[in-house]
Amino acid sequence: MSIEAYLKHQFSLEGQRALVTGGASGIGQAIAVALAEAGADVAITVHSNPGDETARLVGETGRTFARVPADLGAIDAAGAEKLLAAASDGLGGDISILVNNAGTIRRGDAVDHAASDWRAVLSANLDAVWFLSQAAARRMQAAGGGRIIMTASLLSFQGGIRVPGYTASKHGVAGLTKALANELAPHGVTVNAIAPGYIATANTKALREDPDRSRQILERIPSGRWGKPEDIAGAALFLASPAAAYVNGHILAVDGGWLAR
């Protein structure tokens, strides 16, 4: 087999259907487009942003696109089942790849961190991930396989500053990734996570606009730059592809070397 044929086979998502939560912008949009370019039909969840740009970019690949309205901060088990069903209906078949990308962050000193901020972050970043993963796992297990990809964080490993709810939720995502991987592997379902470093998105806008904090962050990153959403998309494509068939329960840091410093 030629190297071209090998790479095409190992990284092809032809015949796959993916749901990317929070795919209207940023990292989620980059992942949705990368999966479509590899051959997958793609659905995204939308809330305040209708996802028109993602629709255009996926459309340019020739793949089927669907959007599912969802408030992931208020989803429960029944809502997750409905969301998966709507995405499957929009793409014409069951979802075989779930990317739990959507999330939120609330900043504030721990002693002043409001209960409403804590609950909002845990609901969107951990509860929604659990309910959607559980619903997807049932479908994938019945189908004989699938891929679940989580978005963890550097704060799955570290404590951070002024983001107690976010840190707690991302530690939870890391643990859930491993727990689900243990149970689902015998059914052909792999569960892995990506831990993005400091990526230039809306969630890091406040940090990038703070000259002192931005300088401190860049001084620690060996690569010397903020990451781009496309840097995360390549990792997601790998974990979704046949090339990662034996990768399970892993948290892949894509951080420019932050954790190595």
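Scroll up a little and you will see the structure.
Residues numbered from 1 in each chain as written. Predicted model: local features only at pLDDT ≥ 70, side-chain atom pairs only at ≥ 80, totals over all residues. Heavy atoms only, no water.

With respect to the environment of Asp 94
The line we're drawing: Under the scheme used here, helices are H or I runs from DSSP no shorter than 4 residues and strands are E runs no shorter than 2 residues, and both carry numbers assigned from the N terminus. Working rule for contacts: check all heavy atoms of both residues, and any pair within 4.5 Å makes them a contact. Under this definition, polar contacts are N or O atom pairs within 3.5 Å; protein pairs additionally need one hydrogen-donor-capable and one acceptor-capable atom, and for neighbouring residues in sequence, both atoms have to be side-chain atoms.
Mapped onto the elements of the fold, Asp 94 is located in the loop between helix 4 (77-91) and strand 4 (97-100). Between the C-alpha atom of Asp 94 and that of His 113, which follows or precedes it by 19 residues, the distance is 40 Å. Every residue in contact with Asp 94, bar those within four places of it in the chain, is listed here: Arg 17, Ser 88 and Arg 139. In this structure the side chain of Asp 94 is engaged in a polar contact, spanning 3.0 Å, whose partner is the side chain of Arg 139.

Examining unusual backbone geometry
Applied cut-off: Think of it in three bands: with a 1.4 Å probe and only protein chains considered, a residue is buried below 20% of the maximum accessible area for its type, exposed above 50%, and partly exposed in between.
In this structure, Arg 162 is a non-glycine residue whose phi angle is positive, near 65 degrees. Within the secondary structure, Arg 162 sits in the loop between strand 5 (146-151) and helix 6 (164-184). Owing to a relative accessible area of 42%, Arg 162 belongs among the partly exposed residues under this scheme.

Observations regarding the packing of aromatic side chains
The line we're drawing: Side-chain rings of Phe, Tyr and Trp (the six-membered ring for Trp) are treated as a pair once their centres are within 6.5 Å; stacked means planes under 30 degrees apart, edge-to-face means over 60, and tilted covers the remaining angles. Any Lys NZ or Arg CZ that is within 6 Å of a ring centre and within 35 degrees of that ring's normal is treated as a charge sitting over the ring.
Taken as a whole, this structure holds 2 aromatic pairs when the rule is applied. Measuring from ring centre to ring centre gives 5.8 Å for Tyr 198 and Trp 226, while their planes differ by 90 degrees; the resulting arrangement is edge-to-face. Taken together, the residues span a long stretch of sequence, with Tyr 198 in the loop between strand 6 (189-196) and helix 7 (205-208) and Trp 226 in the loop between helix 8 (211-220) and helix 9 (229-240) at a distance of 28 residues. Both residues of the pair, Tyr 198 and Trp 226, belong to the buried class. With 4.8 Å between their ring centres and 55 degrees between their planes, Tyr 198 and Trp 258 make a pair best called tilted. Highlighted residues: Tyr 198 in the loop between strand 6 and helix 7 and Trp 258 in the segment after strand 7 (251-254), separated in sequence by 60 residues. You can call Tyr 198 buried: its relative accessible area is 17%. Through pairs of rings, three or more aromatic residues link up here, namely Tyr 198, Trp 226 and Trp 258. The ring of Trp 258 has Arg 220 sitting right over it, with the charged end atom 4.3 Å from the ring centre.

What to know about the pairing of strand 3 (residues 65-69)
How we decide: Any two strands with at least two DSSP-identified bridges between them are counted as paired. Seen with its strands pointing away from the viewer, a crossover is right-handed if its path from the first strand over the helix to the second goes clockwise.
Only one face of strand 3 is covered, namely the one carrying Ala 66 and Val 68; the face carrying Phe 65, Arg 67 and Pro 69 has none of its residues buried. The pairing of strand 2 (residues 41-46) with strand 3 spans 5 bridges and is parallel. Across the sheet, the residue bridging to Val 46 is Pro 69, located in strand 3. After leaving strand 2, the chain enters helix 3 (residues 52-59) and then returns to the sheet as strand 3, a path that is right-handed.

Looking at the packing of helix 2 (residues 26-37) against helix 9
How we decide: Only the stretch in contact is used when a helix axis is fitted, and all axes are lines through C-alpha atoms; the angle between N-to-C directions ranges over 0 to 180 degrees. Note on terminology: angles under 35 degrees are roughly parallel, angles over 145 are roughly antiparallel, angles of 65 to 115 are roughly perpendicular, and the others are oblique. The handedness criterion is simple: a crossing whose near helix is rotated anticlockwise from the far helix by less than a right angle is left-handed, and one whose near helix is rotated clockwise is right-handed. Just so you know the grouping, Ala, Val, Leu, Ile, Met, Phe, Trp, Tyr, Cys and Pro go in nonpolar, Asp, Glu, Lys and Arg go in charged, and all remaining residues, Gly too, go in polar.
Where helix 2 contacts helix 9, the two axes come as close as 8 Å, and the packing angle between them is 45 degrees. Between helix 2 and helix 9, the angle falls in the class oblique. Crossing handedness for the pair helix 2 and helix 9: right-handed. Residues Gly 26, Ile 27, Ala 30, Ile 31, Ala 34 and Leu 35 of helix 2 form the contact with helix 9, whose participating residues are Pro 229, Glu 230, Ile 232, Ala 233, Ala 236, Leu 237 and Ala 240. A per-class count over the contact of helix 2 with helix 9 returns 11 nonpolar, 1 polar and 1 charged.

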